[in-house]
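Report on the structure
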Amino acid sequence: MGFLGSLVSTAGAAASIITSADYDIDWKQQAPRDAAIQHWPEVKKKADAALPLAGLRLTAEQKAKLDELLKGEGVFPEEPTDVLLDGLPDAIPPASLNRIIGSVIDDCIKNHKHDSVPAIPSGKE
C-alpha cells in the first residue's frame, strides 16, 4: 500500500472517529437498550457485518466477552436477550458501538416514540 493508500486509509479511520463523536449515547442506559430491541433486525445486520473486524479492534478480554455473549456462534442472535444487551457495553467500547449501530440507536431515541418495548428472553438459559 503506497502513500496514497495509506492516506486514504488514515482519512477513512479519521472520518469514522469523527462520525462516532456525533452520537452522545450512554450505552448502559435503558433508552439505547429499548431502541436496540425495537430495531433489532437493523442492529443485527450492522453488528454482524462488523464482527469480522472485531479481532482487530477489541482487546483479548473484550473479544472473549463478546464470544461469550454470542455463545460462540460468531453472529448476533435472531432475537436479543437481556444478557446480550446488558453485556455489550462491556464487550464493545462505546466509540465502536457508536460507529457500528449509533445511527440506528440515535435516530430511534431522538425521532421515534414507541408505546411499548417487546419483552425479550433473559438469555440465562
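Residues numbered from 1 in each chain as written. Predicted model: local features only at pLDDT ≥ 70, side-chain atom pairs only at ≥ 80, totals over all residues. Heavy atoms only, no water.

Structurally, the position occupied by valine 75 is in the loop between helix H5 (60-69) and helix H6 (82-91). The contact partners of valine 75, leaving out residues within four places of it in the chain, are Lys44, Asp48, Leu51 and Leu70. (Helix = DSSP H or I, 4+ residues; strand = E, 2+ residues; numbered from the N terminus. Contact = heavy atoms within 4.5 Å.)

Before going further, it helps to spend a moment on the packing of aromatic side chains. If you walk through the whole model with that rule in mind, you get one aromatic pair. On the basis of an interplanar angle of 65 degrees and a centroid distance of 6.2 Å, the ring pair of tryptophan 40 and phenylalanine 76 is categorised as edge-to-face. Within this pair, whereas tryptophan 40 is found in helix H3 (residues 40-50), its partner phenylalanine 76 is found in the loop between H5 and H6, the two being separated by 36 residues in sequence. (Phe/Tyr/Trp six-rings, centres within 6.5 Å; stacked < 30°, edge-to-face > 60°.)

Here we take up H3. Three or more residues of H3 are buried, namely Trp40, Val43, Lys44, Ala47 and Asp48. Each buried residue of H3 sits inside an arc of 125 degrees when the element is viewed along its axis, so together they form one side. The exposed residues of H3 that point more than 90 degrees off its buried face are Pro41, Lys45 and Ala49. On its buried face, H3 sits against helix H2 (30-38), H6 and helix H7 (94-111). (Buried < 20%, exposed > 50% of the residue type's maximum accessible area, 1.4 Å probe, protein only. Arc of directions from axis to C-beta.)

The next point concerns the layout of surface pockets. In this structure, the largest pocket encloses a volume near 260 Å³. Residue lining of the largest pocket: 16 residues in total, with Ala50, Leu51, Arg57, Ser96 and Ile100 positioned closest to the centre. Secondary structure elements with two or more residues in the lining of the largest pocket: H3, helix H4 (54-57) and H7. When residues of the lining of the largest pocket are assigned to their parent elements, the largest contribution, five residues, is made by H7. The class makeup of the residues in the lining of the largest pocket is 13 nonpolar, one polar and two charged. (1 Å grid on protein atoms, 1.4 Å probe; cavity = no way out; pocket = protein on both sides within 12 Å on 5 of 7 lines; lining within 4 Å. Points joined across faces, edges and corners; volume = space filled by probe spheres on them. Nonpolar A, V, L, I, M, F, W, Y, C, P; charged D, E, K, R; others polar.)

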